[in-house]
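# Tertiary structure, described
One letter stands for each residue in the lines below.
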Amino acid sequence: MAVGAARPGFPPLISWRWTTSAPTVRPLSSKYLGRRPQLHGVFASLVEEREISFTEPESALVDALIGIQGRGRSASPQQLKEVERAVETLENLKGIPDPTKSNLIEGLWQLMFTTRPGTASPIQKTFVGVNTFKIFQEVYLRGDDPRVINIVQFSDQIGELKVEAAASVKDGKRILFQFDRAAFSFKILPCKIPYPVPFRLLGDEAKGWLDTTYLSTSGIIRISRGSKGTTFVLQKKPEPRQKLLLAVTSGESIADVIDEVVSLRRNKLAADLDDLEGEWQLLWSSQIVKKNGNLENSVTPFSGFKLHANGSIVKSDANQFKATINGGAYLAGSMKFPFDIKTSYSMELLYIDDKIRITRQNEDIMLIHLRISNK
C-alpha cells in the first residue's frame, strides 16, 4: 500500500512503498489498521486492572528490552550493557529458590531476548535466528513424560513448528534435555508434517542443559543460561509496550494493542515540547526535535539516498502540536540538492514515555516512534 500521506514533512508527490515483512516499527494509516483506534475510558480501567506487576529490578530489565529488535540480534553495545546489567541484578537476587521444583516454571514462555545467538546449536539457531516469527518455549517437568518444547509461530493464520525434547531435572536449577521429535502444523492442513532433522545422527548436538538463574515470584519472568553459553530472557506475559513492538515486528494487527498502550496513560498524559526532545526512529525515517522547537525529518528509502526536511514544531492545545516544514534537500552520498517545500500538519500525542511515542497525524495516520537518543 502507498504510504505517501504518512510521511511527516514530505509532499504527497513523493510516494514510497514497503513490504510488511520488515521487522521494524512503521507508520500506520487507518486503512492499514482496519479501523481507527477507539480509546474508551471504560477500556482504560480494564487495562489498569490487569496491568502486569513487576518489581523495580524486573521493570529495569523490561525497560532495557524495549526497542531492541530481533530478540537482541540488532542491539547496540549500550543496549546490551543495559540488558546484561539488569539480568545480573536479577540473578543476584535469585528469585524463586530451586526453580525446577516450582510449579511456576511450568507453562508457555515467550522468548524476548537472547545473547550470543551465533554460538547456539543448529537446532537452537532455528529459533533464535528468525526475527519476524514469535518464539515460545513450553516447559512441563511433572508427570510421566517431562518435556521442553520449542515453538516457532509463523502467524496465527499459517501455523507453527514444534521441536520437542525429553527432559529431566538434575538439580534445583538445571534441566537436561534431548531433542527427539519435531513437526510442522499448518492451519490449512489436517495433519502434522514431520520436521526433517535426523535427531539420532546429531549425537551431542541434540542434547544440552538449561539452567534457570532467575524465576520471578510472580512467575512472569524467567532468565536461563544454556549449555552453549547463551542467555535467554523469557516472559509468560509481555507488558503492553512489548506486545506493541512484537505485533509490529511480526506484521500482526496492532489496533487493539495500540488501544491498550494508549489507555495506560490516557488520563495522565500531559506533554510539552520538552517531552518530545530527542531523536525518534521509524522504519524509513527519523525525527529530531530540538530544545528550541526546531524539527528535522529524514527518510532513507534505500541505501545511499536520503530525503531531508527542516521545520519547526509548536504546541497548539493540550496534547496537540502543529509542525511546519519550510525546506528540504535530496542527499546522495556527499552531494546535496535543495528543493522548495512548504507544508504543515497537526499531531496529536496519544502516548509517550522514555522509549515509545504514539501520535496521530492529521486525524488519520498513526505513527509509532522509538527513542534512539536522549534529550
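Above this text is the structure in question.
What comes next concerns the included structure. Each chain carries its own residue numbering, running from 1 in the written order of its sequence. Where local features are concerned, this predicted model is filtered to residues with pLDDT of at least 70; where side-chain atom pairs are given and counted, the filter is 80 or more; whole-chain, interface and lining totals use all residues. To obtain the side-chain values, all non-hydrogen atoms of the structure were included, while hydrogens and water were left out.

Let's shift gears to the overall build of the chain. Where helices and strands are cited, they refer to DSSP runs of H or I of at least four residues and of E of at least two residues respectively, numbered from the N terminus. Tallying secondary structure elements over the chain gives 9 helices and 19 strands in all. Buried residues are those whose accessible area, probed at 1.4 Å on protein chains only, stays under 20% of the maximum for their type, while exposed residues exceed 50% and partly exposed ones sit between those limits. Across the 375 residues in the chain, those meeting the buried criterion constitute 50%. The Shrake-Rupley method, run with a 1.4 Å probe, gives the accessible areas here. Residue values count only the displayed protein chains as cover. With the model as given, the accessible surface of the chain reaches about 18100 Å², and the carbon-plus-sulfur share is 52%.

Glancing now at the nonpolar core. Nonpolar side chains tend to gather and get buried jointly when the protein is soluble and globular. Put simply, buried Ala, Val, Leu, Ile, Met, Phe, Trp, Tyr and Cys residues joined by side-chain atoms within 4.5 Å make one nonpolar core. Residues Ile 105, Val 139, Leu 141, Leu 161, Val 163, Ile 175 and Phe 179 are the most contacted members of the largest nonpolar core, which totals 25 residues. Examining the composition of this core, we find that 5 residues originate from one element, strand S6 (residues 174–186), more than from any other.

Turning next to the packing of helix H3 (residues 56–65) against helix H4 (residues 77–93). To describe two helices that pack against each other, one gives the angle between their axes and the distance between the axes. For helices, the fitted line uses only the C-alpha atoms of the stretch in contact; every axis is such a line through C-alpha atoms, and the angle between N-to-C directions lies from 0 to 180 degrees. Their axes nearest at 9 Å, the elements H3 and H4 cross at an angle of 155°. If you check the angle between H3 and H4, you find them roughly antiparallel. The handedness of the crossing between H3 and H4 is left-handed. Across the interface between the two elements, Pro 57, Glu 58, Ala 60, Leu 61, Ala 64 and Leu 65 from H3 touch Glu 82, Val 83, Ala 86, Val 87, Thr 89, Leu 90 and Leu 93 from H4. Residues were grouped as follows: Ala, Val, Leu, Ile, Met, Phe, Trp, Tyr, Cys and Pro as nonpolar; Asp, Glu, Lys and Arg as charged; and all remaining residues, including Gly, as polar. When grouped by side-chain class, the residues that make up the contact of H3 with H4 number 10 nonpolar, 1 polar and 2 charged. Working rule for angles: under 35 degrees goes down as roughly parallel, over 145 as roughly antiparallel, 65 to 115 as roughly perpendicular, anything else as oblique. Left-handed describes a crossing whose near helix is turned anticlockwise from the far helix through less than a right angle; right-handed describes the clockwise counterpart. Note on definitions: a residue-residue contact is assigned when non-hydrogen atoms from the two residues lie within 4.5 Å.

Moving on, we come to the environment of Glu 363. Mapped onto the fold, Glu 363 is located in the loop between strand S18 (356–361) and strand S19 (365–373). C-alpha separation for the pair Glu 363 and Glu 348, spaced 15 residues apart in sequence, amounts to 8.0 Å.

Turning to the pairing of S19, a few remarks are in order. It is a general feature of regular strands that their side chains alternate between the two faces of the sheet. Most of S19 sits out of view: 7 of its 9 residues are buried. Here, strands pair whenever DSSP counts at least two bridges between them. Pairing between strand S11 (residues 278–281) and S19: 3 bridges, direction antiparallel. Bridge pairing links Gln 281 to Leu 370 in S19. Here S18 runs beside S19; their pairing, made up of 6 bridges, is antiparallel. Bridge pairing in S19 places Ile 356 opposite Leu 370. What sits between S18 and S19 in their antiparallel hairpin is a turn of 3 residues, with Asn 362 showing a positive phi close to 55°.

The patch calculation keeps residues exceeding 30% relative accessible area without a salt bridge and links them within 9 Å when they carry like charges or within 5 Å when they are nonpolar (Val, Leu, Ile, Met, Phe, Trp, Tyr). A pairing counts as a salt bridge when a side-chain nitrogen of Lys or Arg comes within 4 Å of a carboxyl oxygen of Asp or Glu. Judged by side-chain polarity, Ile 188, Leu 189 and Ile 193 come together as a nonpolar surface patch covering roughly 280 Å² of accessible area. Assignment of secondary structure puts Leu 189 in the loop between S6 and strand S7 (192–194).

With respect to the helices and strands, Thr 213 occurs in strand S8 (residues 207–215). Between the alpha carbons of Thr 213 and Arg 174 there is a distance of 9.0 Å; along the sequence they are 39 residues apart. Setting aside residues up to four positions removed in sequence, Thr 213 forms contacts with Glu 91, Lys 94, Ile 223, Ser 224 and Arg 225. Residues adjacent in sequence count toward polar contacts only when both atoms are side-chain atoms; beyond that, a polar contact is any pair of N or O atoms within 3.5 Å, and within protein one must be able to donate a hydrogen and the other to accept it. Here Glu 91 takes part through its side chain, which lies 2.6 Å from a polar atom of the side chain of Thr 213.

Let us look at the packing of aromatic side chains. Paired rings are identified among Phe, Tyr and Trp, the last through its six-membered ring, by centres lying within 6.5 Å, and are further divided according to the angle between planes into stacked (under 30 degrees), edge-to-face (over 60) and tilted (the rest). Scanning the entire structure with this criterion turns up 6 aromatic pairs. On the numbers, 5.4 Å between centres and 65° between planes, the contact of Phe 177 with Phe 179 is edge-to-face. Their ring planes at 5° and their centres at 5.6 Å tell us that Phe 184 and Phe 186 sit as a pair that is stacked. Each member of the aromatic cluster is reached from another via a ring pair, and the members are Phe 154, Phe 184, Phe 186 and Tyr 195. Two conditions define a charge located above a ring, namely a distance within 6 Å from the ring centre to NZ of Lys or CZ of Arg, and an angle within 35 degrees of the ring normal. The lysine or arginine in question, Arg 174, covers the ring of Trp 209, its NZ or CZ lying 3.6 Å from the ring centre. Lying over the aromatic face of Trp 109, Arg 222 brings its terminal NZ or CZ to 5.2 Å of the ring centre.

What follows deals with the pattern of salt bridges. Enumeration over the complete set of coordinates arrives at 14 salt bridges. Ionic pairing is found between Arg 147 and Asp 180, a salt bridge with its closest N-O pair at 2.8 Å. Of this pair, Arg 147 sits in strand S4 (residues 147–155) while Asp 180 sits in strand S6; the two residues are 33 residues apart in sequence, bridging distant segments of the chain. When salt bridges with common partners are traced through the structure, they connect Asp 145, Arg 147, Glu 164, Asp 180 and Arg 181 into a single cluster.

Inspection of the sheet shows strand S15 (residues 320–332) paired to strand S17 (residues 343–352) by 6 bridges, in the antiparallel sense. Note that in S17 the partner of Gln 320 across the bridge is Glu 348. The pairing of S17 with S18 spans 5 bridges and is classified as antiparallel. When the bridges of S18 are listed, Met 347 appears paired with Gln 361. Following S17, the chain reverses through 3 residues before pairing antiparallel with S18.

Right, let's get into H4. To estimate the expected span of a helix, count its residues, drop one, and scale the result by 1.5 Å. Given a rise of 1.5 Å per residue, 17 residues ought to cover 24 Å, and the 25 Å separating the end C-alpha atoms of H4 matches this to within 8%. The set of residues buried in H4 consists of Val 83, Ala 86, Val 87, Leu 90 and Glu 91. Across the axial projection of H4, the buried residues extend over an arc of 135°, all falling on one side. The exposed set on the far side of H4, more than 90 degrees from its buried face, consists of Pro 77 and Asn 92. Elements that come into contact with the buried residues of H4 comprise H3, strand S2 (107–114), S8, strand S9 (221–226) and strand S10 (231–235). Downstream of H4 by one or two residues, Lys 94 has phi in the positive range, about 75°. Each direction from the helix axis to a C-beta atom contributes to the arc, which is the arc of those directions.

What follows deals with the environment of Ile 68. Mapped onto the elements of the fold, Ile 68 is located in the loop between H3 and H4. For Ile 68, a relative accessible area of 12% translates into the label buried. In the structure, Ile 68 is positioned 15 residues away from Val 83 in sequence and 9.9 Å away in space, judged by C-alpha atoms. In this structure Ile 68 touches Ala 75, Gln 79, Val 83 and Phe 113, once residues within four positions along its chain are discounted.

These figures come from the coordinates and say nothing about function on their own.
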